[in-house]
Amino acid sequence: MLPTPTSAAKCLNSLLRFELAVVRCYRFAEQLLGDHPDRAALARMRAAHEAAAADLTAHIAAHGQSPSHDPGLWGSLISLAETSAVVFGRHAILTVLLWAEQHARDTYRAARREWAAQPGDPGPILEPLAPAAGRHVAALEAMLPRHKAAPADACASEPVGV
């Protein structure tokens, strides 16, 4: 069955809510890393997700639907990231971000296969997202060993807010 504008908007809104949640997780991780050199890489990844969220928002609105403005149930990802960071430190939040990027890569690949060459195909928006998530996976995998021995109390001298 071909996606209808409403079903496509629902799917794209789900992807948008995910992007909104990941942006907030990256912001939290950036605060947690403080002046660590990996913070700049996290900022670049966050910026890529902000751009993806903006593109999804514009595409949804251009097709007469209402884009989401909050992460919805994806907010649980934010809670998981924040709690993990407070309890287990930097390695934990980077692990949550790695899982999120792996999910994004797989989900965007599946969405492209589902919508390829169908009416209303959001291909120009979805096409770069899976490769970007793949690059983020590789960057986070490289980053994780540098933060393995970073307990929560060594991450920040003050509580980090979102």
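Right, let's walk through the structure included here. (Residues numbered from 1 in each chain as written. Predicted model: local features only at pLDDT ≥ 70, side-chain atom pairs only at ≥ 80, totals over all residues. Heavy atoms only, no water.)

### A closer look at the pattern of salt bridges
For the coordinates displayed, the defined rule picks out six salt bridges. Between E50 and R46 there is a salt bridge whose closest N-O contact spans 3.0 Å. Of the two residues, E50 and R46 both sit in helix α2 (residues 38-62), four residues apart, roughly one turn of that helix. Here R105 and D106 are joined by a salt bridge, their closest N and O atoms 3.2 Å apart. Members of the salt-bridge network, linked through shared partners, are R27, E30, R46 and E50. (Salt bridge = Lys/Arg side-chain N within 4 Å of Asp/Glu carboxyl O. Helix = DSSP H or I, 4+ residues; strand = E, 2+ residues; numbered from the N terminus.)

### Focus: the packing of α2 against helix α6 (residues 129-143)
Any two packed helices are characterised by how steeply their axes cross, that is the angle between the axes, and by the distance between the axes. For the pair α2 and α6, the least separation of the axes is 11 Å and the interaxial angle reads 160 degrees. Between α2 and α6, the interaxial angle falls into the category roughly antiparallel. In the packing of α2 onto α6, the handedness of the crossing is left-handed. Residues D38, A41, L42, M45, A48, H49 and A52 of α2 pack against L129, H136, A139, L140 and M143 of α6. Classifying every residue of the contact of α2 with α6 by side-chain character gives nine nonpolar, two polar and one charged. (Axes fitted to C-alpha atoms, helices over the stretch in contact; angles between N-to-C directions. Parallel < 35°, antiparallel > 145°, perpendicular 65-115°, else oblique. Left-handed = near helix turned anticlockwise from the far one by under 90°. Contact = heavy atoms within 4.5 Å. Nonpolar A, V, L, I, M, F, W, Y, C, P; charged D, E, K, R; others polar.)

### Concerning the packing of helix α4 (residues 90-115) against α6
Packing of α4 against α6 brings their axes to within 8 Å, and their N-to-C directions diverge by 155 degrees. It follows that α4 is roughly antiparallel to α6 by the angle criterion. You can see that α4 and α6 cross each other, and the crossing is left-handed. Of α6, the residues touching α4 (which contributes L94, L97, L98, E101, Q102, A104, R105, Y108 and R109) are L129, A130, A133, G134, H136, V137, L140, E141 and M143. A class-by-class count of the residues in the contact of α4 with α6 yields eleven nonpolar, three polar and four charged.

### Let's talk about α6
Along its 15 residues, α6 runs 21 Å from first to last C-alpha, staying within 8% of the 21 Å computed at 1.5 Å per residue. Three or more residues of α6 are buried, namely L129, A130, A132, A133, H136, V137, L140 and M143. In a view along the axis of α6, the buried residues occupy a sector of 155 degrees, so they form one face of it. (Expected span 1.5 Å × (residues − 1). Buried < 20%, exposed > 50% of the residue type's maximum accessible area, 1.4 Å probe, protein only. Arc of directions from axis to C-beta.)

### Details of the packing of aromatic side chains
Within this structure, the stated rule accounts for one aromatic pair. Pairing F18 with W74 gives two aromatic rings, centres 4.9 Å apart and planes at 75 degrees, and the pair type is edge-to-face. On the criterion of sequence distance, the pair formed by F18 in helix α1 (residues 5-33) and W74 in the loop between α2 and α3 (75-88) is long-range, its members being 56 residues apart. Classification of F18 by relative accessible area gives buried; the value is 3%. When its relative accessible area of 28% is taken as the criterion, W74 is described as partly exposed. (Phe/Tyr/Trp six-rings, centres within 6.5 Å; stacked < 30°, edge-to-face > 60°.)

### What about a nonpolar patch on the surface?
On the surface, a cluster of nonpolar side chains totalling about 330 Å² of accessible area is made up of V86, V87 and F88. Among the structural elements, V86 can be located in helix α3. Judged by its relative accessible area of 59%, V86 is exposed. (Patch = residues over 30% accessible without salt bridge, like charges linked within 9 Å, V, L, I, M, F, W, Y side chains within 5 Å. Areas by Shrake-Rupley, 256 points an atom, 1.4 Å probe, with all protein chains shown as cover.)

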